[in-house]
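Each chain is listed here by its residues.
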Amino acid sequence: MKPDLIDFDKLKKSNAHHNLQNAFNLAEQHLGITKLLDAEDISVDHPDEKSIITYVVTYYHYFSKMKALKVEGKRIGKVLDHAIETEKMVEKYESLASDLLEWIEQTIIILNNRKFANSLVGVQQQLQAFNTYRTVEKPPKFTEKGNLEVLLFTIQSKMRANNQKVFTPREGKLISDINKCWERLEKAEHERELALRTELIRQEKLEQLARRFDRKAAMRETWLSENQRLVSQDNFGYDLQAVEAATKKHEAIETDITAYEERVNAVVSVARELEAENYHDIKRITARKDNVIRLWEYLLELLKARRLRLEMNLGLQRVFQEMLYIMDWMDEMKMLLLSQDYGKHLLGVEDLLQKHALVEADISSQSDRVRTVNNNAQKFADDMEGYKPCDPQIIRDRVAHMDFCYTELSQLAAERRARLEESRKLWKFFWEMAEEEGWIREKEQILSIEDFGKDLTGALRLLSQHKALEDETSGRSAHMQQTVRQGQELVDNNHFGADKIKERILDIQEQWAALERLSAVRKARLQEACNQHQFQADADDIDTWMLDVLRIVSSVDVGHDEFSTQALVKKHKDVSEEIGSYRPVIDALHEQSTTLPPEKANSEEVQSRLAGIEERYKEVVELTRLRKQALQDALALYKIVSEANACEVWIDDKEQWLNSMDIPEKLEDLEVVQHRFESLEPEMNSQASRVAVVNQVARQQIHSGHPSEKEIKAQQDKLNTRWSQFRDLVDQKKDSLNSALGVQNYHLECNETKSWIKEKTKVIESTQELGNDLAGVMALQRKLTGMERDLAAIEDKLSDLGKEADRLATEHPEQSDAIKGRLAEITGVWDEMKDTMQTRESSLGEASKLQQFLRELDDFQSWLSRTQTAIASEDMPNTLTEAEKLLGQHENIKNEIRNYEEDYQKMRDMGEMVTQGQTDAQYMFLRQRLQVSRLIKLNIASRNYIKKYVMMLQERFREFARDTGTIGQERVDGVNRQADDLINSGHGDAATIAEWKDGLNEAWADLLELIETRTQILAASFELHKFYHDAKEILHRILDKHKKLPEELGRDQNTVETLQRMHTTFEHDIQALGTQVRQLQEDAVRLQAAYAGDKADDIQKREGEVLEAWKNLLEAAEGRRVRLHDTGDKFRFFSLVRDLMLWMEDVIRLIEAQEKPRDVSSVELLMNNHQGIKAEIDARNDSFTSCIELGKALLARKHYAAEEIKEKLLQLTDKRKDMIDKWEDRWEWLRLVLEVHQFGRDAGVAEAWLLGQDPYLCSRDMGQSVDEVEKLIKRHEAFEKSAATWEERFSALERLTTMELLEVRRALEEEEKRKQPSETQPDGAAAQQREGEQVSQNGLPPDQDVARDKAEGGEVVNGVSEPSPTGSPGASRKGKAPSQAATLPAKTQQDAPTSQLEGFLHRKHEWEGHNKKASSRSWHNVYCVINQREMGFYKDQKSASQGIPYHSEIPVTLKEASCEVALDYKKKKHVFKLKITDGNEYLFQAKDEEEMSSWIQAISVAVSGDKSDDVTPSGHSTPAPSARAQTLPAGVATVTAAAATAAESSPGKREKGDKEKRFSLFSKKK
């Protein structure tokens, strides 16, 4: 070194950069060392190590050359001295290391020994020895180990300084080995210390446990000895109380000893613990433990033995006590059995026997007790060894005495029972004899009576009583004989009362024989009287029946209509059957006369009576036959008239519709009318069958000689005439309709043909843009050829339209101009299309030549693009073979270019010719394409030389890489081997050689890295150009797909579905394109990470173009899909609306076309049909719901046809509401008509019954004898019973019908309206308010509204609007719920009734009369309102506030009503029952128990309030139950003011005025 070159005083530690730069400069200036490094490369946290070593080696080479000669001599001597010294130090290290390792191993063996002394003193001594080892023996060895480490470090340092091979100790004597052994030693030392301390603690615990054991064992031994002495004593006592006390004391001792067992177990547990821990004095511990256990077991044995002795004493004392109790009881029983009382009558004997039975039961039950006690005592008397609580002989004596006493007691009981049984037999015989005598005397008095009955009933009653008496006598005889046999047995057994028994037996037998003789005489007399009275009664009944039947069959009433005649026919049929079945009764009367006594049977009275009955019966049979024929003739006539009238009503209804029908002009309206005509045909067929039936029946009646033959013939001719006229009218209307349809179809075909021609014209015009290739031109030519065939079809269509136009113009001269005009329009469009077609065909010749040239130009440009891509490729060959292959491909391209030279020249000439003189943009673009082709060709030529130069450079680089990879690697490996040999041989410049070797290897690695870098650059360039190509191709495909996306949305549902399928296929196709776009994105991300600057921006730009185009394509596809979906929903919605509208038209027409009912059965049939319509409407609810929801969904998502959809939706809802309103109107009308017809039927039946009873009531026959009077009284009683049953029917007829209540209400409203103008208004504001309230809901004044109703509804009868017979009165619902001001005067707030309770309830109508169930008993959800003493029903709260009742029901009165929980109704919960005085009964269901209680309480309050009030306000009164209908005679009742004001009793009745106008089919009854 040359320290004088650097001025160290001027250097600063903080300025490392300056110091480094100064050192580099000085070395370069003064030493000639090249400046290989910069200060910036070194002044970093982690400088390059190899670069620094390379630079430092240059210093080493410089200074080593200067000192090489000076130090060579000194180095040899110094090396030898150092080698000898080092050898001695090595031997010393080996010896010391061996000794130390041997000591460590021996010490570890000693420390690992775990055999400790089994005593506390021994363990303490071992712990003291261990401490001595740690403080005396171990420290010198630790110092020796440290000296060994120092010695080895000194040896290695010296050998390293002398450039010797560094000494490495043998395996096992390294410093690391010594350290490991020392660590093992310290670990064994630590474990030894822990083990000693653990053992010391264990020994201390064992000593403490042993002392604890000794203390507890001494305590247990003392306690056990004391208790053994206590248990050995037997002082039990000599009676039961003393022994029981000793037992309780012994149980206390047992409890104490049992509780002490835990303490003994504790001592044993301590001893076992010491034994488990191997205590050194365990033998002593075990011996003492065994002693404690022995004492404890001996104590338990003593305790058990004392317990057994105590139990034996206790059992014996209890046996002695039981013996004393039994002996005392036996003494008491002996006193009872020795009594001499055996009874003084039968009841006394029975009582004594019962008491004796109880005594015997006690004695029997005590036998088991005696045996049990004896057996228990005998156990203690056995001669057994061991302890004996008493002397056995004493026990045996007591047992023998008790057995003797029990045997004596049993014998006494048997003797007393025998004496009591004999006494009972005697007294029982006397009692039964006395009973038989009393019965015989009672029956003799009955048989001695001389009464044989005054009439048949009395005789039969007496005969029946006599038969019962005979049956009773027969049953009594067996009982009497049994009693006699029992008495005889007592006599045979020598009973002490045998004489008295014989006397009583003879007496009773004589009395019984006298009774039988008296019974036979009375039976014969009663039978004769019964036969005589029976004959007279049967004859009287037959006479009475014949008089009644004769009055019925002689009637001349054959009915006034079909219903009444059918009722008479049915009644006459019953009478005829009754007459036929009465013949056996008369025959039986003849047979009965023969059973009379001969003097009675042959008397003149009986024979004349039989002859009169036969004569009257024949007369009745003949009259029955004549009346049957008259009724059949009348019924046939009424049926013909009825059927003919029904057909005429239907014809009138349809004629009115046909006459009022105007042929519409719109095709949709014409289709609706045509659909109506199609539905009319099946109706006409059914009516035609009815007309044929009427004609057939009429011909049959005329042929059979009906008395009303002329009337039947006139009715038949009238019906046939009407039917022929109706068919002509239908044919006329149908022809007009077909003609109008023909015109509309003609216009429709004209529009379609015109649209077709325009569409073909657009197709032809679209071919004006020349195709971009020859295939396109050829395709256009084929398309035009196919279009010519279509044009031929259009021409035929035009010919047909011309003929159709001529025919329609002739049939419809008023529309001739319009028809011809449409044809002229189509002809003009057709001519224009033909001109366009000719022009297009003439232009296709020149386009073919141009397209041929363009095709050749495109082929040539495609070849140029491929060739340019191949030439511009920068692929570098890696081997000579690949280079030759690429060179061959390039030569082929060159030859291909020479071959295209001639074709290129021809194409240039053709292009110049085509584009010469052309200024069109397309031709200008064609000229630019030719110029580009020329430039590309020149570029290819210029690129040929560049390609060769690039290939030469690539070949040289490949040769360089190949040489470098083979030859260079061999040379580097050789140099490395030589350097390793020199270093291993201990060369003096080994360090320099190592540095040179490292530098060479590093340079070789850098060279290989450069080669790899160049290869990666070439690969990255290839990927970049591939990305550019892929991006361009994908962008072109995306734009092409976007152009192919059509804009058509379809004209109907089918085309939309087709377009949707096509669009789904299109979306599926672009999914594959999406995969390519995602791959392109991944390539762009990878390339952007590899490039920077302009290339990265270019990559991002091309990626953005592709993504933007892809996004636009997806948005366009999604938008088209949404538009197609909306269009499909729109057409589907329109289809649903059209179907539902047509169906509703049919339903409305069906509702309006129903015929007028004639009786109850026809009304019920119509109601069933109407319910069928309702079921069909309900079944369509799902269709309506889905259609409306679809329309709302389209409106919600803002459909492009929202206005049209909204209009259709409103039309659908309005039409549906109109249909439901018409159905409800018709239903209400049918209900009112049903009620009226039911009233008429019931009134007719009641009237017929009254007429049938009138002759009987007017009869003056009061009877000529008592029997006749009794018969009349019985008959009158039967009449009264029948009249009582009819009373309820008359009560039901007396009540006002709904129609009559509406009539009364209408009259009141008109009266209020007449009074209203005369009333003065308090102020002008009130007048304006009243005037405003007079306006109805449709905006017309009340008078105009009423006038309009009259005009629409029909004529006015008795002040009531009468509807036309062709339809239901509810054909329109306008003004269905008018305001209160439109019908009644406005009421003040004070007059308005306040509701006591209101809310929704489920209601079921159970009974509508006392004996009549309701016709509809289904549950309905109604809104119930209790106003004072009435309960009204409404649809909802709004209807209640407006006063619109539910189904026009009159509110029910709560006067004298009853309300209670319906306990007998189990199908639903929370149901209560409401019974009205008129027989109506309702069931109501609440939602819970609380609500049900509230309603019951409210109804009860209303009922009790009605009972407490004497006067009811006129404004809220209810109809009286006794009010009578106006159809009954005036003498019955008249309509009172109370019934009139009943119409205002609830808010619902104020709104019925307008309904009443529609439902008043019948005029007010007089």
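Residues numbered from 1 in each chain as written. Predicted model: local features only at pLDDT ≥ 70, side-chain atom pairs only at ≥ 80, totals over all residues. Heavy atoms only, no water.

Peer 1: Requested: an account of the overall build of the chain, with residues and values cited.
Peer 2: Along the chain, the regular secondary structure elements total 36 helices and 9 strands. Burial statistics for the chain: of 1566 residues in total, 37% are counted as buried. Long-range pairs, those at least 24 residues apart, make up 78% of the contacts in the chain with a sequence separation of at least 6. Of the roughly 93000 Å² of accessible surface on the chain, 53% is carried by carbon and sulfur atoms. (Helix = DSSP H or I, 4+ residues; strand = E, 2+ residues; numbered from the N terminus. Buried < 20%, exposed > 50% of the residue type's maximum accessible area, 1.4 Å probe, protein only. Contact = heavy atoms within 4.5 Å. Areas by Shrake-Rupley, 256 points an atom, 1.4 Å probe, with all protein chains shown as cover.)

Peer 1: I'd love a proper account of the confidence of the model for the chain, names of residues and values included.
Peer 2: Looking at the chain, pLDDT values average 75 and 81% of them are 70 or higher. Scored below 50 in pLDDT, residues 1318-1393 shows 111 contacts in the model against residues more than four places distant or in partner chains. In the model, residues 1506-1566 has pLDDT below 50 throughout and makes 154 contacts with residues more than four positions away in sequence or in other chains. (pLDDT = per-residue confidence, 0-100.)

Peer 1: Tell me about the environment of K158, and please be specific about residues and values.
Peer 2: Counting through the fold element by element, K158 comes out in helix α4 (residues 120-161). The partly exposed category is assigned to K158, whose relative accessible area is 24%. Sequence separation between K158 and H82 is 76 residues; the distance between their C-alpha atoms is 7.2 Å. Discounting residues that sit within four places of it in the chain, K158 has contacts with E85, T86 and M89.

Peer 1: So, unusual backbone geometry: which residues are in play, and what are the values?
Peer 2: For residues besides glycine, phi is generally negative; the peptide bonds are generally trans as well. Backbone geometry places N278, a non-glycine residue, at a positive phi of 60 degrees. In this structure, N278 sits in the loop between α7 (261-276) and α8 (282-337).

Peer 1: How would you explain the environment of V1245 if you had to name every residue and give the values?
Peer 2: Structurally, V1245 can be placed in helix α28 (residues 1202-1258). Each C-alpha atom of the pair V1245 and S564 lies 9.1 Å from the other, and the pair is 681 residues apart in sequence.

Peer 1: An account of the nonpolar core is requested, with residue identities and associated values reported.
Peer 2: Counting 30 residues, the largest nonpolar core has F1133, W1143, V1147, I1177, F1184, L1212 and M1219 as the members making the most contacts within it. Of all elements in the fold, only α25 (1094-1152), α26 (1160-1179), α27 (1181-1196) and α28 reach the threshold of two or more residues within this core. Here this core gets 10 residues from one element, more than from any other, and that element is α28. Leaving out residues up to four positions away in the same chain, L1212 has contacts with V1137, L1140, M1141, M1144, F1184, C1187 and I1188. Listed in part, the 28 residues of the second largest apolar core include W103, V123, M159 and F167. (Core = buried A, V, L, I, M, F, W, Y, C linked by side-chain atoms within 4.5 Å.)

Peer 1: Outline the packing of helix α9 (residues 346-381) against helix α10 (residues 392-447), listing residues and values.
Peer 2: One way to put it is that α9 packs onto α10 with a least axis distance of 9 Å and a crossing angle of 165 degrees. Overall, the two elements α9 and α10 adopt an arrangement that is roughly antiparallel. Crossing geometry of α9 relative to α10 is assigned as left-handed. The residue inventory of the contact of α9 with α10, partitioned by class, reads 21 nonpolar, 7 polar and 9 charged. (Axes fitted to C-alpha atoms, helices over the stretch in contact; angles between N-to-C directions. Parallel < 35°, antiparallel > 145°, perpendicular 65-115°, else oblique. Left-handed = near helix turned anticlockwise from the far one by under 90°. Nonpolar A, V, L, I, M, F, W, Y, C, P; charged D, E, K, R; others polar.)

Peer 1: Describe in detail the packing of aromatic side chains, supporting the description with residues and values.
Peer 2: Scanning all chains against the criterion turns up 21 aromatic pairs. With a centroid separation of 5.7 Å and an interplanar angle of 45 degrees, the aromatic rings of F142 and W182 are classed as tilted. Separated by 40 residues along the polypeptide, F142 in helix α4 and W182 in helix α5 (residues 175-231) bring together distant segments of the chain. The class of F142 is partly exposed, set by a relative accessible area of 46%. Judged by its relative accessible area of 4%, W182 is buried. These aromatic residues form a ring-pair network of at least three members: F1433, F1472, Y1482 and F1484. (Phe/Tyr/Trp six-rings, centres within 6.5 Å; stacked < 30°, edge-to-face > 60°.)

Peer 1: Got a sec to walk through the pattern of salt bridges? Specific residues and values, please.
Peer 2: Enumeration according to the criterion identifies 51 salt bridges in this entry. As a salt-bridge pair, E1449 and R1403 come within 2.7 Å of each other at their nearest N and O atoms. In this pair, E1449 sits in the loop between α33 (1437-1442) and β6 (1452-1453) while R1403 sits in strand β3 (residues 1395-1408), placing the two residues 46 residues apart along the sequence. We classify E1449 as buried; its relative accessible area is 17%. Taken together, the shared-partner salt bridges in this structure form one network comprising R134, K138, E189, E193 and R197. (Salt bridge = Lys/Arg side-chain N within 4 Å of Asp/Glu carboxyl O.)

Peer 1: Outline the pairing of strand β8 (residues 1471-1475), listing residues and values.
Peer 2: In terms of burial, β8 is largely enclosed, as 4 of its 5 residues are buried. In this structure, strand β7 (residues 1458-1461) lies alongside β8, joined through 4 bridges in antiparallel fashion. Within the sheet, the bridge partner assigned to S1458 lies in β8 and is K1475. With 5 bridges connecting them, β8 and strand β9 (residues 1480-1485) associate as antiparallel partners. Each bridged residue has a counterpart across the sheet, and for K1475 the counterpart in β9 is E1481. Between β8 and β9, which pair antiparallel one after the other, the connecting turn spans 4 residues, and G1479 there sits at a positive phi close to 100 degrees. (Pairing = 2+ DSSP bridges.)

Peer 1: Can you lay out helix α13 (residues 562-581) for me, pointing to particular residues and giving the numbers?
Peer 2: Counted at 1.5 Å a residue, the expected span for α13 with its 20 residues is 28 Å, and the 28 Å between its end C-alpha atoms agrees. When we look at burial in α13, the residues that qualify are S564, T565, L568, H572, V575 and I579. Burial along α13 is one-sided: seen end-on, the buried residues are contained in an arc of 90 degrees. Residues K570 and K573 are exposed on α13 and point more than 90 degrees away from its buried face. Tucked inside the fold, the buried residues of α13 contact α12 (498-553), α14 (583-593) and α16 (604-660). (Expected span 1.5 Å × (residues − 1). Arc of directions from axis to C-beta.)

Peer 1: Kindly report on the side chain of K138, identifying the contributing residues and their values.
Peer 2: Checked against the element boundaries, K138 lands in helix α4. Since its relative accessible area comes to 14%, K138 is described here as buried.

Peer 1: A description of the environment of K205 should follow, citing residues and the corresponding values.
Peer 2: With respect to the element layout, K205 can be found in helix α5. For the pair K205 and L274, spaced 69 residues apart in the sequence, the C-alpha separation amounts to 9.9 Å.

Peer 1: Would you mind going over the pairing of β9 in detail, with residue names and values included?
Peer 2: Successive side chains on a regular strand alternate, one facing one side of the sheet and the next facing the other. Buried residues dominate β9, accounting for 6 of its 6 residues. Residues of β9 alternate between two faces, with N1480, Y1482 and F1484 on one and E1481, L1483 and Q1485 on the opposite face, all of them buried.

Peer 1: If you had to explain a negative patch on the surface to someone new, which residues and values would you point to?
Peer 2: Together, D38, E40, D41, D48 and E49 give the surface a local cluster of negative charge. When you line up the elements, D41 lands in helix α2 (residues 39-42). (Patch = residues over 30% accessible without salt bridge, like charges linked within 9 Å, V, L, I, M, F, W, Y side chains within 5 Å. Lys, Arg positive; Asp, Glu negative; His and termini not counted. Charge placed at Lys NZ, Arg CZ, Asp CG, Glu CD.)

Peer 1: Quick one: what's the story with the packing of α8 against α9, residue by residue and with numbers?
Peer 2: For the pair α8 and α9, interaxial distance at closest approach is 10 Å and the crossing angle is 155 degrees. Taken together, α8 and α9 sit at an angle that is classed as roughly antiparallel. Like other packed secondary-structure pairs, α8 and α9 cross with a definite hand, here left-handed. Contact residues: M312, G315, L316, V319, E322, M323, Y325, I326, W329, M330, M333 and L337 in α8; H356, V359, D362, I363, Q366, R369, V370, V373, N374, N376, A377 and F380 in α9. For the contact of α8 with α9, the per-class residue count stands at 16 nonpolar, 5 polar and 3 charged.

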